[in-house]
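One-letter residues, chain by chain:
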Amino acid sequence: ATNKDLKIAACLDKSCSQISITTLDSEGDVGKYTSIALGQDGYGLISYYDATNKDLKIAHCSNNACTNATIQTIDNVGNVGTHTSVTIGSDGLGIISYYDLGIGVLRVAHCLNVVCSEADKITAVDQDGDAGKGSSIALGVNGFVIISYYAFPPLPNSALPQLRSLHCLDVFCSIYTKRLLDTGSTMEIGEDSSLTVDQYGYVFVTYSMEFDKDLEVQFCTDVLCERGNHFDLDVSDNVGSHNSITTGFDGFGIIAYYDETNGNLKVAHCADRLCSESIAINILDSEGDVGQYPSITVDPYGLPLISYYDSTNGDLKIARCENNFCVPYFRRR
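Notes on the structure in this doc start here.

Regarding the environment of Met-209
Working step 1: Inspection of the secondary structure puts Met-209 in the loop between strand S16 (203-208) and strand S17 (215-220).
Working step 2: Sequence separation between Met-209 and Pro-153 is 56 residues, and the spatial gap between their C-alpha atoms is 17 Å.
Working step 3: Not counting the four nearest positions on each side in its chain, Met-209 is found in contact with Asp-182, Thr-183, Glu-188, Ile-189, Asp-214 and Glu-216.

What to know about the packing of aromatic side chains
Describing an aromatic ring pair means giving the distance of the ring centres and the angle of the ring planes.
Working step 1: Taken as a whole, this structure holds 4 aromatic pairs when the rule is applied.
Working step 2: Where Tyr-33 meets Tyr-49, the ring centres are 6.2 Å apart and the plane angle is 70 degrees; that geometry is what we call edge-to-face. Here Tyr-33, found in strand S3 (residues 30-38), pairs with Tyr-49, found in strand S4 (residues 44-50); they are 16 residues apart in sequence, far enough to count as distant.
Working step 3: Here Tyr-33 falls in the partly exposed class, since its relative accessible area comes to 38%.
Working step 4: Within the aromatic cluster, the residues linked to one another by ring pairs are Tyr-202, Phe-204 and Phe-219.
Working step 5: Above the ring of Tyr-301, the side-chain terminus of Lys-14 is found at 4.9 Å from the ring centroid.
Working step 6: Lying across the ring of Tyr-200, Arg-273 places its NZ or CZ 4.1 Å from the centre.

Description of the sheet that holds strand S12 (residues 145-152)
Working step 1: Taking strand neighbours across the sheet as the criterion, the 4 strands line up as S11-S12-S13-S14 in an open arrangement whose pairing is antiparallel. Every other strand in the sheet has two partners, leaving strand S11 (130-139) and strand S14 (176-183) as the edge strands with one partner each. Adjacent strand axes in the sheet meet at a mean angle of 25 degrees, parallel and antiparallel pairs treated alike.
Working step 2: For S12 and strand S13 (residues 162-168), the ladder comprises 6 bridges, and the chain directions are antiparallel. Note that in S13 the partner of Ile-147 across the bridge is Leu-166.

Focus: the pattern of salt bridges
Working step 1: In total, this model carries 12 salt bridges according to the counting rule given.
Working step 2: Measuring nitrogen to oxygen at the nearest pair gives 3.9 Å for the salt bridge that ties Lys-32 to Asp-29.
Working step 3: Here the residues in one salt-bridge network are Asp-126, Asp-128, Arg-164 and Lys-178, joined through shared partners.

Concerning the state of the cysteines
Working step 1: The final tally for this structure, using the stated rule, is 6 disulfides.
Working step 2: At a sulfur-sulfur separation of 1.7 Å, the disulfide partner of Cys-11 is Cys-16. The chirality of the disulfide connecting Cys-11 with Cys-16 is left-handed, given an S-S dihedral of about -55 degrees.
Working step 3: By relative accessible area, which is 7% here, Cys-16 ends up buried.
Working step 4: The disulfide bridge from Cys-270 ends at Cys-275, spanning 1.9 Å between sulfur atoms.

Reading guide: rules and limits
Residues numbered from 1 in each chain as written. Predicted model: local features only at pLDDT ≥ 70, side-chain atom pairs only at ≥ 80, totals over all residues. Heavy atoms only, no water. Helix = DSSP H or I, 4+ residues; strand = E, 2+ residues; numbered from the N terminus. Contact = heavy atoms within 4.5 Å. Phe/Tyr/Trp six-rings, centres within 6.5 Å; stacked < 30°, edge-to-face > 60°. Buried < 20%, exposed > 50% of the residue type's maximum accessible area, 1.4 Å probe, protein only. Lys NZ or Arg CZ within 6 Å of the ring centre and 35° of its normal. Pairing = 2+ DSSP bridges. Axes fitted to C-alpha atoms, helices over the stretch in contact; angles between N-to-C directions. Salt bridge = Lys/Arg side-chain N within 4 Å of Asp/Glu carboxyl O. Disulfide = S-S within 2.5 Å.

Structure, rendered in structure tokens:
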């Protein structure tokens, strides 16, 4: 934020004690709303917003540490590219969900090649009201992507904000179906959602409602998310406005999220497949105001790895859990 650049940090060992840091793009105010995925070539593919030109951009890493990359503008029509999320489709090519700020539309771009030098399909997939903030994308078991996002239907149809999911029915997302996952009151819902697919192919979405400040989980009981169950996972404080979910080594969901009341980074480990409750909720970092913008994954050793923002010091931090439950000193007898 100081220099308004896109940067990347690559861990050089499993504990992430050695890090390579590279500035990838410094042309104007760039790097907001970043999302990263590993391409079929094993190199990082990063989507992000160019605030100077109001464009959606893509960086394709040229090596494992991403010490250099090719930079492309994917969409430059209007004010586009906020709230990006990228994954790799079943055809091995990148696919990006993002928000068209100019007209309030959810869009999807499908890369034409591995480096994503251009996109062959840019589709407005939801134009029903203001739709597309907080988008999160993942590949479903049917080979097509699924997207969760915030929407506010047009008046006078409804005055209630919504959490929606969109299910593409081809690799380009040129045809799709939409689902209503949850409805808020007069307050916002799901402006920061996170979506993953478990080992059985079912969809999880984490999000927060403004009126009750809780961490919410939606578990879909079918692949297309036509049916589902909703659970309150953490109701202790003002939590969940920043959240990220993945599936742990045991197949259960693990969520990293921000406790705004206490300024802490927290982790919740689901107690069952539906994530109807948490077996453990732990504070990972409480040194200052920490935990905003978390992003969680599981490393090759099966351990959760979380990147997040230290607001007190203006730093990027990373936490690597010692075990699947993120409990200090936990060992099985």
